[in-house]
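Listed below, chain by chain, are the residues.
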Amino acid sequence: MDKKLHIVGGGLAGSEAAWQAANMGVEVVLHEMRPEVETFAHQTGSFGEMVCSNSFRSDDHEQNAVGLLHWEMRAANGLIMQMAAKHRLPAGGALAVDRDPFAESVTQALLDHPNISVEYGEVTELPTEGHWIIATGPLTSAKLGAAIQAETGAERLAFFDAIAPIVYAESINMDVAWMQSRYDKGETEEEQKAYLNCPMTKDQYDAFIAALMAAEKTEFHDGETATYFDGCLPIEVMAERGHDTLRFGPMKPVGLTNPHDPENKPYAVVQLRRDNALGTLFNIVGFQTKMKYGAQTEVFKMIPALEDASFARLGGIHRNTFLNSPTLLDDQMRLKSRLGTGASIRFAGQVTGVEGYVESAAMGLLAGRLAAAEILGQDLETAPQDSAMGALIHHITGGAEAKTFQPMNVNFGLFRPVEGLKGGRRGRKDRYKAYTDRAKQVFQEWLDTQATQEN
Ligand SMILES: Cc1cc2nc3c(=O)[nH]c(=O)nc-3n(C[C@H](O)[C@H](O)[C@H](O)COP(=O)(O)OP(=O)(O)OC[C@H]3O[C@@H](n4cnc5c(N)ncnc54)[C@H](O)[C@@H]3O)c2cc1C
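These numbers come from a predicted model, not from an experiment.

Conventions we followed
- Residues numbered from 1 in each chain as written.
- Predicted model: local features only at pLDDT ≥ 70, side-chain atom pairs only at ≥ 80, totals over all residues.
- Near = placed C-beta within 6 Å.
- Helix = DSSP H or I, 4+ residues; strand = E, 2+ residues; numbered from the N terminus.
- Nonpolar A, V, L, I, M, F, W, Y, C, P; charged D, E, K, R; others polar.
- Buried ≥ 20, exposed ≤ 12 C-beta atoms within 10 Å, placed from the backbone.
- Pairing = 2+ DSSP bridges.
- UniProt positions renumbered as here; feature names shortened; annotations may be inferred.
- Contact = placed C-beta atoms within 7 Å.
- Domains from an automatic or database assignment.
- Axes fitted to C-alpha atoms, helices over the stretch in contact; angles between N-to-C directions.
- Left-handed = near helix turned anticlockwise from the far one by under 90°.
- Parallel < 35°, antiparallel > 145°, perpendicular 65-115°, else oblique.

1. Concerning the site of the ligand
Close contacts around the ligand come from 35 residues, with Gly9, Gly11, Cys52, Gly137 and Gly349 the closest. Contributing elements (two or more residues each) for the shell around the ligand: helix H1 (12–23), strand S2 (28–32) and helix H11 (357–375). Looking at the shell around the ligand, the element that brings in the most residues is H1, giving three residues. Partitioned by chemical class, the residues of the shell around the ligand number 14 nonpolar, 17 polar and four charged.

2. What to know about the pairing of strand S13 (residues 281–284)
Where burial is concerned, the two faces of S13 agree: the one with Leu281 and Asn283 and the one with Phe282 and Ile284 are both buried. Strand direction decides the pairing type here: strand S9 (residues 166–168) and S13, joined by three bridges, are antiparallel. Each residue of the ladder has a partner; that of Ile166, found in S13, is Asn283. Joining the antiparallel neighbours strand S12 (residues 268–274) and S13 is a turn of six residues, in which Gly279 adopts a positive phi near 75°.

3. Side note on the UniProt feature "binding site: FAD" (unreviewed entry) in the protein chain
What UniProt calls "binding site: FAD" (unreviewed entry) maps, in this numbering, to Gly9, Gly10, Gly11, Leu12, Ala13 and Gly14. Counting through the fold element by element, Gly10 comes out in the loop between strand S1 (5–8) and H1. On the basis of neighbour count, Gly10 is assigned to the buried category, with 29 C-beta atoms found within 10 Å. With residues near it in sequence (within four places) discarded, Gly10 still touches Ser15, Leu30, Glu32 and Phe47.

4. Considering the domain arrangement of the protein chain
Much of the literature gives interface size as the accessible area that the parts lose upon coming together. In terms of domains, the protein chain is made up of domain 1 (5–162 + 318–448) and domain 2 (166–314). Taking only C-alpha atoms into account, the centre of domain 1 sits 31 Å from that of domain 2. Taken together, the contact between domain 1 and domain 2 spans 16 residues of the former and 17 residues of the latter. Contributing elements (two or more residues each) for the side of domain 1 that touches domain 2: strand S8 (157–163) and helix H12 (388–399). For the side of domain 1 that touches domain 2, the class distribution of residues is six nonpolar, seven polar and three charged.

5. Digging into the environment of Trp71
Position of Trp71 relative to the elements: it lies in helix H2 (residues 65–75). Spatially, the C-alpha atoms of Trp71 and Pro262 are 50 Å apart, while their sequence positions differ by 191 residues. In contact with Trp71, other than residues within four places in its own chain, are His61 and Lys440.

6. Remarks on the packing of H1 against H11
Where H1 meets H11, the axes come as close as 7 Å, and the angle between the chain directions of the two elements is 35°. The crossing of H1 and H11 is right-handed. Contacts between H1 and H11 involve Leu12, Ala13, Gly14, Ser15, Glu16, Ala17, Ala18, Trp19, Gln20 and Ala21 on the former and, on the latter, Tyr357, Ser360, Ala361, Met363, Gly364, Leu365, Ala367, Gly368, Arg369, Ala371 and Ala372. Of the residues assigned to the contact of H1 with H11, the class counts are 13 nonpolar, six polar and two charged.

7. With respect to the packing of H11 against H12
Viewed as axis vectors pointing N to C, H11 and H12 meet at an angle of 90°, and their least axial separation amounts to 10 Å. With respect to their mutual orientation, H11 and H12 come out roughly perpendicular. Here Glu359, Ala362, Met363 and Leu366 of H11 come into contact with H12, specifically with Met389, Leu392 and Ile393. Its residues placed into classes, the contact of H11 with H12 shows six nonpolar, no polar and one charged.

And the structure:
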């Protein structure tokens, strides 16, 4: 197979992937359709353009999972973090940058690299030969999207996300909630208790609907307009259709008995479902929404048992092209259907079902290293599960529920527990420190094995 690595998409992921692979000595061809073919969100022809906010979020690598990802990317000589440091703006604990000079510096660094060449133009087909990374992002062009769908099946490539909020299990009040599947359905006890139920009285339901209707909502960006599928209507749109619509939809109270108060039938029930194999995260079933983030936390904390909820991520609906990675990719980020053929195709960035600039760049970093190692005949395992990068890759290629898979940002709910530490809110600071200490150690060890291989 040709020893060149072709990378499609010069966004946050593709730029980082190119940098990493080129630094390992591999010849890289970076394909980018802009400025020839535009997207509705990008404004320039630069690589690494940030399409909306200018922030890489928290830079706290001891208490925050995104900050930890920054740390790991810096340790791995990441281009995005280097250029972010160069163009950093004051933003408290966040890593914000001057976006245009930032993207120009990313572009220049790639153009100057002796192992990187650039080909402008849209890639419209999935390749049949050679080593490739597809990092075309949430706004993958329509033609390439159609080609990917032809390979994966229509139901495994989504063009919109419909994200229901995700809550940390430890922050749910189990004195109010209980575990039960509707009508106790399922063969095993685990299945019969697959859902976590939060009961509402009529007054609580009425107040919840009123708050939902009054809450501020976000608008779609120009060019992003969605026709909602009936299966994933935002809850506020359902509530607008009738006061009781939600009670006959995701909040229906039937087939459930509250063990804390068996005599009283709840008027409505909000259900949550496990979101990861570790059981540390639960999503609120059917609660995709366009409410603004601040409004979401206020409205969702009105749900009994969620008064003190901590959210690993809030809900949303966006134009977003992403794969059902748990079924389609292996932990080396390769398309399983092409294993053993003439083409080794990896995916990286937001199209793999991670969410956010930092997560996308991190997945680019990993894909770049894995692809380069493959070309160089080196045996490189994917990032260790206890690192932030590893927690993400293990989630999207294994830990996440494939049936309900929606994009995920990095958060401590994806991390395996550290034994012997206190749960709950009080132990949080120590726990996060333990996660980040452990992550740094295993990530550094992973990097060190590569340094040894390079020597
Ligand atoms: C409107 C909008 C707002 C967002 N706001 C934020 C935010 O504020 N904060 C945040 O963290 N994340 C935000 N995101 C998510 C953000 O897009 C991603 O986090 C990040 O840009 C993804 O990086 P990526 O490299 O995967 O994709 P991108 O950065 O989008 O890069 C993909 C690249 O592939 C190119 N491309 C696409 N198709 C082809 C093709 N067929 N051939 C050749 N090139 C192609 C594109 O031109 C683009 O340069 C937003 C997304 C959208 C759509």
